[in-house]
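Structural overview
Listed below, chain by chain, are the residues.
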Amino acid sequence: AQSVTQLGSHVSVSEGALVLLRCNYSSSVPPYLFWYVQYPNQGLQLLLKYTTGATLVKGINGFEAEFKKSETSFHLTKPSAHMSDAAEYFCAVSDLRDDKIIFGKGTRLHILP
Amino acid sequence: SAVISQKPSRDICQRGTSLTIQCQVDSQVTMMFWYRQQPGQSLTLIATANQGSEATYESGFVIDKFPISRPNLTFSTLTVSNMSPEDSSIYLCSVIPGVGQPQHFGDGTRLSIL
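Residues numbered from 1 in each chain as written. Chains lettered and ligands numbered in written order. Predicted model: local features only at pLDDT ≥ 70, side-chain atom pairs only at ≥ 80, totals over all residues. Heavy atoms only, no water.

A look at the nonpolar core
Grouped together as the largest cluster of nonpolar side chains are 27 residues, with contacts concentrated most on Trp35, Leu48, Leu76 and Tyr89 of chain A. Setting aside its immediate chain neighbours within four residues, Leu76 of chain A contacts Val19, Leu20, Leu21, Trp35, Leu47, Leu48, Phe63, Glu64, Ala65 and Tyr89 of chain A. Listed in part, the 26 residues of the second largest apolar core include Ala2, Phe61, Phe66 and Val80 of chain B. (Core = buried A, V, L, I, M, F, W, Y, C linked by side-chain atoms within 4.5 Å. Buried < 20%, exposed > 50% of the residue type's maximum accessible area, 1.4 Å probe, protein only. Contact = heavy atoms within 4.5 Å.)

See below:
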């Protein structure tokens, strides 16, 4: 069975500081990994995805994530936080056998002025 | 990518009533999904809705409570039946626009039950 663990339900960073949101997964097969963002009163928007190939994946809004198989991790980073990055971030895992996605519990990112 | 429209965007309902949520996609898609997001929680898959077949429900969700229709490749409905305050959640539909593509989500329906 697949699962996702996001460390930290709330993360606060200062504007301009590095953003690091942690995600670890469990999967018995090569996973597809995703980061979604949910802004207040909106649905989920795909930030980036990893399927195969290059392990460093770049997404929208300056975010990127690195797939580390040895650590079963897929942490999300952004070099410099912006006030508009304040949102809920969800890490998710899927596999090739079906199209279901398993979501982590989410991390709410707060940006401090 | 697909553009997904959900209606209504929000509603406040009385206990014991039912509400049908609509999900419209601007392109034909094979697989559509319905999720529930309870306050402060992550997303939980309710069911997978494929055109021409019965919806497949996840553990803890039953057809009598959450009947789903999928009349064609661009539309689906989810009904929340006999609502109670515990059903207060955001309900989201999502689709897979094409082979190998990730799920795309609608903006959700914010449902409050008094």
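Some details on the packing of aromatic side chains
Taken as a whole, this structure holds twelve aromatic pairs over all chains when the rule is applied. On the basis of an interplanar angle of 90° and a centroid distance of 6.3 Å, the ring pair of Phe90 of chain A and Phe103 of chain A is categorised as edge-to-face. Taken as a pair, Phe90 of chain A in strand β9 (residues 87–94) and Phe103 of chain A in strand β10 (residues 102–103) lie far apart in primary sequence, 13 residues in all. The same class applies to Phe90 of chain A as to Phe103 of chain A, namely buried. Taking the centre distance of 5.4 Å and the plane angle of 50° together, the rings of Tyr35 of chain B and Phe105 of chain B count as tilted. A residue pair is termed long-range when its members are at least 10 positions apart, and Tyr35 of chain B in strand β4 (residues 31–37) and Phe105 of chain B in strand β10 (residues 104–105) qualify at 70 residues. For Tyr35 of chain B, a relative accessible area of 0% translates into the label buried. Put simply, the rings of Phe34, Tyr36, Phe90 and Phe103 of chain A together with Tyr35 and Phe105 of chain B touch in pairs and so form one group of aromatic residues. (Phe/Tyr/Trp six-rings, centres within 6.5 Å; stacked < 30°, edge-to-face > 60°. Helix = DSSP H or I, 4+ residues; strand = E, 2+ residues; numbered from the N terminus.)

So, the interface of chain B and chain A
Counting residues at the interface gives 21 residues for chain B, matched by 16 residues for chain A. For the pair chain B and chain A, the summed buried area comes to about 1,500 Å², and 55% of that belongs to carbon and sulfur atoms. Considering only the side of chain B, the residues that lose the most area to chain A are Ser42, Pro102 and Phe105 of chain B, jointly responsible for 29% of the buried surface there. Linking chain B with chain A are one salt bridge, by the criterion used here. Between Lys100 of chain A and Glu58 of chain B there is a salt bridge, and its shortest N-O distance comes to 2.9 Å. At the junction of chain B and chain A, the tally comes to seven residue pairs in polar contact (both at pLDDT 80 or more). Sorting the residues of the side of chain B that touches chain A by element identifies β4 and β5 (43–50) of chain B as the ones contributing at least two each. (Buried area = accessible area lost by both parts, 1.4 Å probe. Salt bridge = Lys/Arg side-chain N within 4 Å of Asp/Glu carboxyl O. Polar contact = N/O pair within 3.5 Å; in protein donor to acceptor, adjacent residues only side chain to side chain.)

What to know about the sheet that holds strand β7 (residues 68–72) of chain B
Residue and element names in this part refer to chain B. Spatially, four strands are ordered β1-β3-β8-β7 in an open sheet, and the strand pairing comes out antiparallel. Either end of the sheet is taken by a strand with one partner, and the two such strands are β1 (4–7) and β7. Pairs of neighbouring strands in the sheet enclose a mean axial angle of 15°, with direction left out of account. (Pairing = 2+ DSSP bridges. Axes fitted to C-alpha atoms, helices over the stretch in contact; angles between N-to-C directions.)

Structural notes on the state of the cysteines
All names here are of chain A. What the rule picks out here adds up to two disulfides over all chains. Disulfide pairing is shown between Cys23 and Cys91; the S-S distance is 1.9 Å. Taking the torsion about the S-S bond as the criterion, the Cys23 to Cys91 disulfide, at about -65°, is left-handed. Of this pair, Cys23 sits in strand β3 (residues 19–26) while Cys91 is found in strand β9, placing the two residues 68 residues apart along the sequence. A residue is classified by how much of its surface remains accessible, and Cys23, at 0% relative accessible area, is buried. Residue Cys91 is classed as buried on the basis of its relative accessible area of 0%. (Disulfide = S-S within 2.5 Å.)

Details of the pairing of β1 of chain B
All names here are of chain B. Here β1 shows a buried face lined by Ile4 and Gln6 and an unburied face lined by Ser5 and Lys7. Strand direction decides the pairing type here: β1 and strand β3 (residues 19–25), joined by four bridges, are antiparallel. Directly across from Lys7, in β3, lies its bridge partner Gln22.

Overview of the sheet that holds β3 of chain A
All names here are of chain A. On the basis of which strands lie adjacent, the open sheet formed by five strands has the order β1-β3-β8-β7-β6 and antiparallel pairing. Both outer strands of the open sheet, β1 (3–7) and β6 (56–58), are each paired with one neighbouring strand and no more. Taking the axes of each pair of neighbouring strands and ignoring which way they run, one obtains an average angle of 20° across the sheet.

Details of the side chain of Ser89 of chain B
Residues and elements named next belong to chain B. For Ser89, the position within the fold is in strand β9 (residues 89–95). The class for Ser89 is buried, based on a relative accessible area of 5%. The contact partners of Ser89, leaving out residues within four places of it in the chain, are Arg36, Gln37, Gln38, Pro39, Thr109, Arg110 and Leu111.

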